[in-house]
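Reading the structure
Residue strings, one per chain:
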Amino acid sequence: MLMRFLHTSDWHLGRRFHGEDLIPAQRAFLDHMVATARTEAIDAILVAGDIYDRAIPSLDAVRLFNRALHRFADLGVPIIMISGNHDSAHRLGVGSGLFARAGIHLRTDPDTCDVPVVLNDADGPVAVYGIPYLEPSMVRTQLEAEAASHRAVLTAALHKIHSDLTNHQPAGTRSVVLAHAFVTPGTGQSEEPRVEESTSERDISVGGVAHVGADVFDGIDYVALGHLHGPQKITDRAHYSGSPLPYSFSEAGHTKSFTLVDLTPGTTPTVTRLPCPTPHRLERIQGPLEDLLNHPDHETLKDAWLEVTLTDPALPFEAMARLRRRFPHTLSLKHQRAFIPAQATDTPTYTQRLQGRTELDIACDFITDLRGSAPTPDEHALLQQAVDAARVNEQQKETV
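Note that the structure is predicted; figures quoted are calculated from it, not measured.

1. Notes on the overall build of the protein
Helices and strands together make up the secondary structure of the protein, namely eleven helices and 19 strands. For the protein, the C-alpha radius of gyration of 23 Å lies close to 21 Å, the compact-globule estimate for 400 residues. The principal-axis extent of the C-alpha atoms belonging to the protein is close to 75 × 55 × 40 Å. Looking at the protein residue by residue over its 400 residues, the buried ones come to 49%. At a minimum sequence separation of 6, the contacts of the protein that also span at least 24 residues come to 70%. On the protein, roughly 19200 Å² of surface is accessible, and the fraction owed to carbon and sulfur atoms is 52%. Averaged over its 36 positive side-chain charges, the protein has a centre that lies 5 Å from the centre of its 51 negative ones.

2. Structural notes on the packing of aromatic side chains
Counted by the stated rule, this structure contains five aromatic pairs. Each ring, one from F17 and one from W305, has its centre 5.5 Å from the other, and the planes form 35°; the classification is tilted. Taken together, the residues F17 in strand β2 (residues 16-17) and W305 in strand β18 (residues 305-310) connect sequence positions 288 residues apart. Among the residues examined, W305 registers a relative accessible area of 6% and is labelled buried. In this structure an aromatic cluster arises from ring pairing among W11, F29 and F72.

3. A short note on helix α5 (residues 136-143)
Regarding α5, the residues found buried are P136, V139 and L143. Buried residues along α5 cover an arc of 85° about the axis, so they all sit on one side. Next to the buried residues of α5 lie α6 (150-168). Downstream of α5 by a residue or two, E144 has a phi angle that is positive, lying close to 55°.

4. A short note on the nonpolar core
Core analysis: the biggest nonpolar cluster contains 40 residues, and W11, L13, I45 and M81 have the highest contact counts within it. Broken down by secondary-structure element, the contributors of at least two residues to this core are α1 (23-39), β4 (44-48), α2 (59-75), β5 (79-82), β6 (104-107) and β15 (257-263). Every residue in contact with L13, bar those within four places of it in the chain, is listed here: Q26, F29, L30, I51, Y52, D53, A61, L64 and F65. Counting 36 residues, the second largest nonpolar core, distinct from the first, contains Y129, L165, A214 and A238.

5. Section: the packing of α1 against α2
Direction vectors running N to C along α1 and α2 enclose 10°, while the axes themselves pass 11 Å from each other. As far as their axial angle goes, α2 and α1 are roughly parallel. Across the interface between the two elements, I23, Q26, R27, L30, D31, M33, V34, A37 and R38 of α1 pack against D60, A61, L64, R67, A68, R71, F72 and L75 of α2. For the contact of α1 with α2, the residue count by class is ten nonpolar, one polar and six charged.

6. Digging into the pattern of salt bridges
As enumerated under the stated definition, the model contains 17 salt bridges in all. Its salt-bridge partner being R67, residue D31 comes within 3.0 Å of it at the nearest N-O pair. With D31 in helix α1 and R67 in helix α2, this pair connects stretches of sequence that are 36 residues apart. Judged by its relative accessible area of 24%, D31 is partly exposed. One salt bridge in this structure joins E307 and K334, with 3.5 Å as the shortest N-O distance. One end of the pair, E307, is in strand β18; the other, K334, is in strand β19 (residues 330-335), with 27 residues separating them in the sequence. Within the structure, one salt-bridge network assembled from shared partners comprises R4, E40 and D262.

7. Some remarks on the sheet that holds strand β14 (residues 238-240)
The sheet built from six strands is open, its strands ordered β7-β8-β9-β12-β14-β13 with mixed pairing. Each edge of the sheet is formed by a strand with only one pairing partner; in this case those strands are β7 (117-121) and β13 (232-235). Adjacent strand axes in the sheet meet at a mean angle of 20°, parallel and antiparallel pairs treated alike. Here β13 pairs with β14 via three bridges, running antiparallel. In the sheet register, K233 faces β14, and the bridge partner there is H239.

What counts and what doesn't
- Residues numbered from 1 in each chain as written.
- Predicted model: local features only at pLDDT ≥ 70, side-chain atom pairs only at ≥ 80, totals over all residues.
- Heavy atoms only, no water.
- Helix = DSSP H or I, 4+ residues; strand = E, 2+ residues; numbered from the N terminus.
- Rg over C-alpha atoms; globule rule 2.2 N^0.38 Å.
- Buried < 20%, exposed > 50% of the residue type's maximum accessible area, 1.4 Å probe, protein only.
- Contact = heavy atoms within 4.5 Å.
- Areas by Shrake-Rupley, 256 points an atom, 1.4 Å probe, with all protein chains shown as cover.
- Lys, Arg positive; Asp, Glu negative; His and termini not counted.
- Charge placed at Lys NZ, Arg CZ, Asp CG, Glu CD.
- Phe/Tyr/Trp six-rings, centres within 6.5 Å; stacked < 30°, edge-to-face > 60°.
- Arc of directions from axis to C-beta.
- Core = buried A, V, L, I, M, F, W, Y, C linked by side-chain atoms within 4.5 Å.
- Axes fitted to C-alpha atoms, helices over the stretch in contact; angles between N-to-C directions.
- Parallel < 35°, antiparallel > 145°, perpendicular 65-115°, else oblique.
- Nonpolar A, V, L, I, M, F, W, Y, C, P; charged D, E, K, R; others polar.
- Salt bridge = Lys/Arg side-chain N within 4 Å of Asp/Glu carboxyl O.
- Pairing = 2+ DSSP bridges.

In structure tokens form, the structure reads like this:
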């Protein structure tokens, strides 16, 4: 006997890919999800945030979500959903009480993170909790967290969940938690993240720290994570399902999937990746323009969505138009001159100087260049506060 879940996240309904409309592809993966839930005898669907791509989604995205809700309700399988950092928690949560009557359970308010959806099988109850994305400075007081950090607010939320499990659920109740966060193996206190990131994931760092260790979820039978777009294992009991579609060329190597989770008492969950349909394959190619236009080996790329990096000494005239005549779906064009020893220089280009740099790094470089000395520790702290305040202000405008 087992409880079977279908774990998914990061739908980003309404998102475009370098100008291309993804609504048809998103409709296809939602239809595929419904079919999968039926054929795999799913007991519940878990959606770990970022339902929409924007706080105020397009009408097409809302229509698609509405269509999906009706199909899930007709399926008769409970679905538990949380809001992510791209969603407006208030907008997504409208009507949640009514939706629950149809088996669609929305968790968008931190106050309800310890209110489980209780499912039952022959082995007893399974309590499913949903922790929406927690912006530390906005929920610290509400959750009575010790600090305005990702670790502190998630720890406070888990404390409430463990209290409910101990005081209000029968002994032996299995537990599942949905969370939208940047989670790494271990404690997250000092180690560098050992996870696969994508450029399409919005930065959520606070004080320069975006991640939290998986140890905050100790004692939970399965943790369904959202935010990172690559499907990956964090621990035996914590997994990212990844996004069902690629949303940047940095995801070209991903195998997009849903995560099938079999939960049995007293054992580690069994996790299986089920491939999602992807309407277009992504490819990244580079080289001189004439080589890309004329080499026969590139013929197989005519139907792919392409990111092209040209290595010509200078950017050729009308490069994009010429590329699209051979490769109609050239969506991104970059120029990176090939290394020529005679032209070598120790001075990096503007693009190279920004590569991998955070907003704080760039601000500190500006101060250093302006006056000839690096920011003092106090100045560095003030710059960090300014960067955090700007990000939180943007988050508030997008989601509140």
